Amino acid sequence: MSAAVTPRQARHTDGLLRSIYLPRTADALAFAMSTYGIPLLVLATTRSAALTGAAFALEWIPRLAAFGWAGSVVDRRGAAVVFHLASLGRALALAAGAVLLHLHPSGIVAGATVMVLAATTGVLTEFSYIAAETAGAAAGRRAGARAHRVQAVLLGIDQTAILAGPALAGVLLLAGPAPMLAVITVLSLLAALLALRTPPSPVAPARAPKGQSGAGLLAGWRTIRSLPALGWLVTGLTLSNLATGLLQAAGPVIVVEHFGQSTTAVGLVWSAAAAATLLAVTICRFALDRLGLWPVGAACAILASLACLAAAQAPGYLSYLVLVAVLMAADGGMTVVLRTLRSRLIPPEQFGSTLSATILILLLPFPIAGVLTALTPPAALGHVITTCAALQALGLFCAFARLRTDPALRT
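Residues numbered from 1 in each chain as written. Predicted model: local features only at pLDDT ≥ 70, side-chain atom pairs only at ≥ 80, totals over all residues. Heavy atoms only, no water.

As recorded in an unreviewed UniProt entry, the protein chain goes by MFS transporter and comes from Streptomyces coerulescens. Its UniProt record gives the protein chain the following Subcellular location (unreviewed entry) comment, quoted word for word: "Cell inner membrane". (UniProt positions renumbered as here; feature names shortened; annotations may be inferred.)

So, in structure tokens, the structure goes:
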């Protein structure tokens, strides 16, 4: 029987809403609109599978380069300050881009502007994301045994943004790139203002000269190596992300070129996936209360592996949409497990650098997926996805088999 909500718990929930959940919502929606809107714009403009894959890779490479800086800066300056400044910087960059695209809606200037914005907003978004995750982990630690509930809400916010972001970006693109960028600018400004309410996070003393991002990543890597449960889970999810990243990078090509659908149908795939993930996260929130981390994580790993293998052989658009939705829902359940585990295990004063190293490892497959998409003929994409799906299944099996008796996942 669940206990009644006490006045103290009600005040805590209200505080989370204003200081953690609302700024995260604005930031996540801006992230989703820019991440999914730009590749759609590239494909609609060029109709080139190779350029779509290359754009996907170029969109992620600068983000990966930002992680070393982001983690060490958050550890030194605090989550609230970094969150505010990164969101404000992204708003200024997007406002400048919207003006340029309004003045030059097509041609070389427009193409260069979109690609520069992809890199710039990607870097700034990773700073705000690391800061928001650090603040969320601190809130989870304050919640104690209810930490997984906080992480489930945060993941639900992300998935709701992914549900709304691609659809909203697609609608705004009908009016042109400038209106879409203007809306993302407003969301970024809102995130910057709301970030002023975010509580300060623990700040670690600087152990290395400022500007040496590699030192922060090295410290984070050492922390991961000292936490076997976290290391095994990150390893399995990294191989899983290669498969999901390939589906994301190749999605426009598969849906438009192979299934003969419109670019709007591409956004529908990921909106459906986000809706399924949101439902799965809600279910996992209660399943974790009763079953614990390992059973829920292992069940999601099995479901994700089977769905990815089947998606590679999907005979039509509808079956492809359903299988991708199931895959991403299962991936969402594993992400709740990962977030809960790292909020429990990572020392607060090392959280920013360790989170940066963790996410860097997890995201490395995404630019690789973009390169694979660019180099693979559209007719052979199914075979490449099948191979990556087999690697995903093997990696997740090894990870959860190793973690079956680990005490960190038994509670």
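Some remarks on the environment of alanine 79
By secondary structure assignment, the location of alanine 79 is in helix α3 (residues 79-103). Separated by 49 residues in the primary sequence, alanine 79 and serine 128 have C-alpha atoms spaced 8.4 Å apart. (Helix = DSSP H or I, 4+ residues; strand = E, 2+ residues; numbered from the N terminus.)

As for the pattern of salt bridges
Oppositely charged side chains may form a pair once their charged atoms are brought near each other. Scanning the model with the defined rule gives 2 salt bridges in all. One salt bridge connects arginine 24 with aspartate 158, and the closest N-O pair in it is separated by 3.0 Å. With arginine 24 in helix α1 (residues 7-46) and aspartate 158 in helix α5 (residues 147-173), the pair connects residues that are 134 residues apart, well separated along the chain. The salt bridge involving arginine 90 is made with aspartate 27; its shortest N-O contact spans 2.9 Å. Highlighted residues: arginine 90 in helix α3 and aspartate 27 in helix α1, separated in sequence by 63 residues. (Salt bridge = Lys/Arg side-chain N within 4 Å of Asp/Glu carboxyl O.)

Observations concerning the environment of proline 23
Considering the arrangement of structural elements, one finds proline 23 in helix α1. Distance in space between the C-alpha atoms of proline 23 and phenylalanine 83 is 9.0 Å, their sequence separation being 60 residues.

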